Amino acid sequence: MTKMAVFYYSSTGANYKMAQWTEESLKQAGAEVKLVKIPETAPEEAIAKNPAWKDHYEKTKDVPEAQVEDLEWADGFIFSLPTRFGNVPAQVKQFMDQAGGLWMEGKLANKVVSAMTTAQNAHGGQEQTIMHFYTSMYHWGAIIVPPGYTDDSIFASGGNPYGTSAQVDGEGNLQDDVEQAVKHQAKRTYEITQKISQ
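Residues numbered from 1 in each chain as written. Predicted model: local features only at pLDDT ≥ 70, side-chain atom pairs only at ≥ 80, totals over all residues. Heavy atoms only, no water.

Comments concerning the side chain of threonine 189
Basically, it comes down to this: The helix count covers DSSP runs of H or I at least four residues long, the strand count covers runs of E at least two residues long, and both are numbered beginning at the N terminus. Throughout this description, a polar contact denotes any pair of N or O atoms lying within 3.5 Å of each other; where both atoms belong to protein, one of them has to be capable of donating a hydrogen while the other can accept it, and for residues adjacent in sequence the pair is counted only when both atoms sit in side chains. Any two residues whose heavy atoms approach within 4.5 Å at even a single point are treated as in contact.
Looking at where threonine 189 falls in the secondary structure, it is placed in helix α9 (residues 179-197). At a separation of 2.8 Å, a polar atom in the side chain of threonine 189 contacts the main-chain carbonyl oxygen of glutamine 185. With near-sequence residues (within four places) excluded, threonine 189 lies in contact with Met4, Phe77, Ile78, Val112, Ser114 and Val145.

Below you can see the structure in the form of structure tokens.
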């Protein structure tokens with residue numbers, strides 16, 4: 001069975017929702033799936049100042065935290081992460097930096113990967129964030145699977161060929177209808193992973 005890991009970081013819940021849709025689509029396609037959250041590194045006093053952040057933090061305490069070993073376990077992975085000034089969040093970067101040992105051993109080469117993101121406005125750096133994320137994947141020797149324009153759901157959700165992207169409000173609510181695009185991206189990534197990992 002092809003093994004897929006869904007990694008997400010979410011402060012107020014939008015990327016968690018996208019990760020859940022991803023997990024659902026992967027399971028429907030027949031994958032063995034592990035959904036894990038990238039550990040929070042912000043101090044609790046900062047989290048407490050934002051009610052939506054604190055609420056989501058408390059609600060997802062039981063979601064397993066991502067371990068570097070999950071990268072080795074999976075044949076392919078999908079990352080759902082918010083935009084931070086056109087780049088990946090510090091929490092995601094820290095997690096990725098911990099994978100140096102696996103990278104040196106060549107254990108990240110030929111893994112299949114795809115990414116999706118959110119921001120609070122339509123031009124908040126979504127495409128740039130995904131491209132920054134993919135830069136690290138090039139260094140890993142991973143095989144990137146973008147959604148491209150392979151399904152009508154991509155056009156319906158805003159037309160981002162690099163990875164599904166969506167606007168969120170200050171409470172973490174998705175403002176775009178991206179569920180089908182997320183599920184298509186997940187299924188496409190799984191299908192490519194199956195071919196590569198055979």
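Here we look at the packing of aromatic side chains
Applicable threshold: Think of it this way: a Phe, Tyr or Trp ring, Trp meaning its six-membered ring, pairs with another when their centres are within 6.5 Å, and the plane angle makes it stacked under 30 degrees, edge-to-face over 60, tilted otherwise. Should the NZ of a Lys or the CZ of an Arg lie within 6 Å of a ring centre and within 35 degrees of the ring normal, that charge is described as sitting over the ring.
Inspection of the entire model under this criterion finds 9 aromatic pairs. Three or more aromatic residues joined by ring pairs make a cluster, and in this case those are Phe7, Phe77, Phe79, Phe95, Phe133, Tyr134 and Trp140. Here lysine 34 stacks its cationic end above the ring of tryptophan 73, 4.4 Å away from the centre of that ring.

Digging into the pattern of salt bridges
Going by this rule: Salt bridges are defined as contacts in which a side-chain nitrogen from Lys or Arg sits within 4 Å of a carboxyl oxygen from Asp or Glu. Residue exposure (1.4 Å probe, protein chains only): buried if accessible area is under 20% of the type maximum, exposed if over 50%, otherwise partly exposed.
According to the stated counting rule, one finds 9 salt bridges in the structure shown. Two residues, aspartate 70 and lysine 34, come together in a salt bridge whose shortest N-O distance is 3.1 Å. With aspartate 70 in helix α4 (residues 68-73) and lysine 34 in strand β2 (residues 32-37), this pair connects stretches of sequence that are 36 residues apart. Here lysine 34 falls in the partly exposed class, since its relative accessible area comes to 27%. Two residues, lysine 59 and aspartate 55, come together in a salt bridge whose shortest N-O distance is 3.1 Å. Linking lysine 59 with aspartate 55, this pair stays in helix α3 (residues 51-59), spanning 4 residues, or about one helical turn. Judged by its relative accessible area of 65%, lysine 59 falls in the exposed class.

Description of unusual backbone geometry
Phi is positive for phenylalanine 85, which is not a glycine, with a value near 55 degrees. In this fold, phenylalanine 85 is placed in the loop between β3 (76-82) and α5 (90-97). At asparagine 110, a residue that is not glycine, the phi angle is positive and equals roughly 70 degrees. Within the secondary structure, asparagine 110 sits in the loop between α6 (100-104) and β4 (112-119).

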